[in-house]
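This is what each chain is made of:
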Amino acid sequence: MGTTCPWAVLVLAAALAGLSAPRVAYGQPNFIVILADDVGWGDLGANWAETKETPHLDQLAAEGMRFVDFHSAASTCSPSRASLLTGRLGARNGVTHNFAITSVGGLPLNETTLAEVLREAGYSTGAIGKWHLGHHGRHHPSFRGFDYYFGIPYSHDMGCTDTPGYNLPPCPPCPRHGAAASRITKDCYTEVALPLFENVTIIQQPVNLSSLAARYAEEAARFIRWASDSGRPFFLYLALAHMHVPLGVPPPPPASGRGIYGAALSEMDALVGWIKQVADSHGKGNTLLWFAGDNGPWAQKCELAGRLGPFVGAWQRQRGGSSAKQTTWEGGQRVPALAYWPGRIPAKRTSRALLSTLDIFPTLVALAGAALPPNRRFDGLDVSPVLFGWSDVGHKVLLHPNSGAAGKDGEIETLRLAQYKAFYTTGGAMACDGSIGPAEHHQPPLIFNLDRDIQEQEPLDLASREYQAVLPAISRAYAQALEDIATDNVSVADYSKDPAATPCCNAQHVACRCQAPGSHAAVLDRCVERRATRLCL
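Residues numbered from 1 in each chain as written. Predicted model: local features only at pLDDT ≥ 70, side-chain atom pairs only at ≥ 80, totals over all residues. Heavy atoms only, no water.

Trainee: Looking at this structure, I do not really get the pattern of salt bridges. What am I missing?
Mentor: Within this structure, the stated rule accounts for 25 salt bridges. The salt bridge involving Asp379 is made with Arg92; its shortest N-O contact spans 2.9 Å. Remark: Arg92 occurs in helix H4 (residues 90–93) and Asp379 occurs in the loop between helix H10 (360–367) and helix H11 (384–387); sequence separation between them is 287 residues. The exposure class assigned to Arg92 is buried, which follows from its relative accessible area of 3%. (Salt bridge = Lys/Arg side-chain N within 4 Å of Asp/Glu carboxyl O. Helix = DSSP H or I, 4+ residues; strand = E, 2+ residues; numbered from the N terminus. Buried < 20%, exposed > 50% of the residue type's maximum accessible area, 1.4 Å probe, protein only.)

Trainee: When you look at empty space enclosed by the protein in this model, what are you seeing that I'm missing?
Mentor: Where empty space is left can be seen by rolling a probe of water-molecule size over the atoms. Going through the model one piece at a time under the given rule, you end up with five cavities of 30 Å³ or more. In terms of lining, the largest cavity is formed by 13 residues, of which the most central are Ala241, His242, Pro246, Gly248 and Glu267. When contributions to the lining of the largest cavity are tallied by element, the ones reaching two or more residues are helix H6 (212–230) and helix H7 (259–281). A class-by-class count of the residues in the lining of the largest cavity yields eight nonpolar, four polar and one charged. Of the volumes computed, that of the second largest cavity is approximately 100 Å³. Along its surface, the second largest cavity is lined by His156, Asp157, Gly159, Cys160, Thr161, Pro164, Asn167, Cys171, Pro172, Cys188, Tyr189 and Pro246. Classifying every residue of the lining of the second largest cavity by side-chain character gives seven nonpolar, four polar and one charged. (1 Å grid on protein atoms, 1.4 Å probe; cavity = no way out; pocket = protein on both sides within 12 Å on 5 of 7 lines; lining within 4 Å. Points joined across faces, edges and corners; volume = space filled by probe spheres on them. Nonpolar A, V, L, I, M, F, W, Y, C, P; charged D, E, K, R; others polar.)

Trainee: Explanation requested: the pairing of strand S14 (residues 412–417) in the structure shown.
Mentor: For a regular strand, the rule is simple: side chains alternate between the two faces of the sheet. Counting buried residues in S14 gives six out of six residues, a clear majority hidden from the surface. By the bridge criterion, five bridges tie strand S13 (residues 397–401) to S14 in an arrangement that is antiparallel. Across the sheet, Pro401 pairs through a bridge with Ile412, a residue of S14. Two elements, S14 and strand S15 (residues 420–426), share four bridges in a ladder whose sense is antiparallel. Directly across from Arg416, in S15, lies its bridge partner Lys421. In sequence, S14 turns back onto S15 through a hairpin of two residues, with Ala418 there showing a positive phi of about 55°. (Pairing = 2+ DSSP bridges.)

Trainee: What's the story with the nonpolar core in this structure? I'm lost.
Mentor: Nonpolar side chains in soluble globular proteins tend to be buried together. Ile32, Ile34, Met268 and Phe291 are the most contacted members of the largest nonpolar core, which totals 55 residues. Mapped by element, the contributors of at least two residues to this core are strand S1 (30–36), helix H2 (55–63), strand S5 (148–151), H6, strand S8 (234–239), H7, strand S9 (287–293) and strand S10 (337–340). Once you skip the residues sitting within four places of it in the chain, Met268 turns out to touch Ala36, Val39, Leu57, Leu240, His242, Met243 and Phe291. Grouped together as the second largest cluster of nonpolar side chains are 49 residues, Leu85, Ala115, Tyr149 and Ala493 included. (Core = buried A, V, L, I, M, F, W, Y, C linked by side-chain atoms within 4.5 Å. Contact = heavy atoms within 4.5 Å.)

By themselves these figures say nothing about function.
So, in structure tokens, the structure goes:
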């Protein structure tokens, strides 16, 4: 399996040692949704032959279904996650851009989350990892349908740590003495440390990034074991820190082809492999595991960003800027996705259906025998026929909102209709070279035929027969989509800020430092640190 150091073999082995023999509970299935952060479509070996660091994910693909035309609902953190948990685009649920550490609001409280629906249907619900949908007051995950929460309230570069990991530009560790303001560094958070929550309590600030993967794996195993022993079906939402920077891994060996990023990718792969093993040990055949990315790679991070595969957005690159995260080019929207459910989802199956993270909500609700929340419309579909191999038909039309590269946040600027992709607005996010592609509005739209031009290099000639034939259908679909949103029950998120909303367990200490000495986080930190140097997979 190779060498993947140094996380959590002890922790995970201990978790697995206590697992009971496989048992299958009939009735409502269990659900595990694993969301990777900033992972590229080409970061899976099953998708891209050059990638060698994902044997567990590749095995998951071999034992389940791989989706090759699967898209994030938005190409940045908060909107993507809000859409996954509501089945609705940001234009409906109100989350159109990222929340800050000082945000007062979050995902609007009148929006119903997947966890709330499933808990009402009898499920035990747990969220582990990155939240980024509001942490203040009742926006915290403990009030959004989750029985248990363990994780960080936003991205792990939105607070200083003592183990800052690898980033571009590099960020300093948290200050220990004196004024934090003297250590201000561009693009770095230096005044407040990154907190780790267990339910509503901060148990460590700053969190130790070098052991975060181990903690998530151990807590996920603990939740699965507890929920299984309770006799109730469970829903686990595991939102990983990988592959967002900073990457908190030890230096890879010189022979490693992809350096730090490759080492972090291997760590993520091993974590997913362990979760699969734990899930199989507690009811193989009654648990659906769904892995997906939240958006494409963060290109401005250069060698610390993921692989796009063939989705390079050549038209945009010629004009400057990145065509990955924050954009509606394929590199920003198309993400790796796998589904595994032994005995239900056919093995070694590749689906080319046009699907989205939006579909997770209605699909799991249907499989649980629950009902969708009333008085609102959904952008996701119940795609269980695709999962079970009965169909390979997904969306007829899929909408892509602006996620920060160009135009108004959340505005629908791109539309997929079959193999055709129409851009009403284009723009590039910041690239590795620092360039940013200018925003351009297109009326009539740019249209690409992805069947022939997956690199999005040459739009159809406006005077061509093909363009003239498809334009009316695209125009109708776009107008109908905008009308549907305008007449829906639309929410508005509160994006106001207040420094008092910043999570801080001890304002008397520099950077809000604290850690409960006997806390589970402290014990696990010591456990991992003692054994990290000699335990590898």
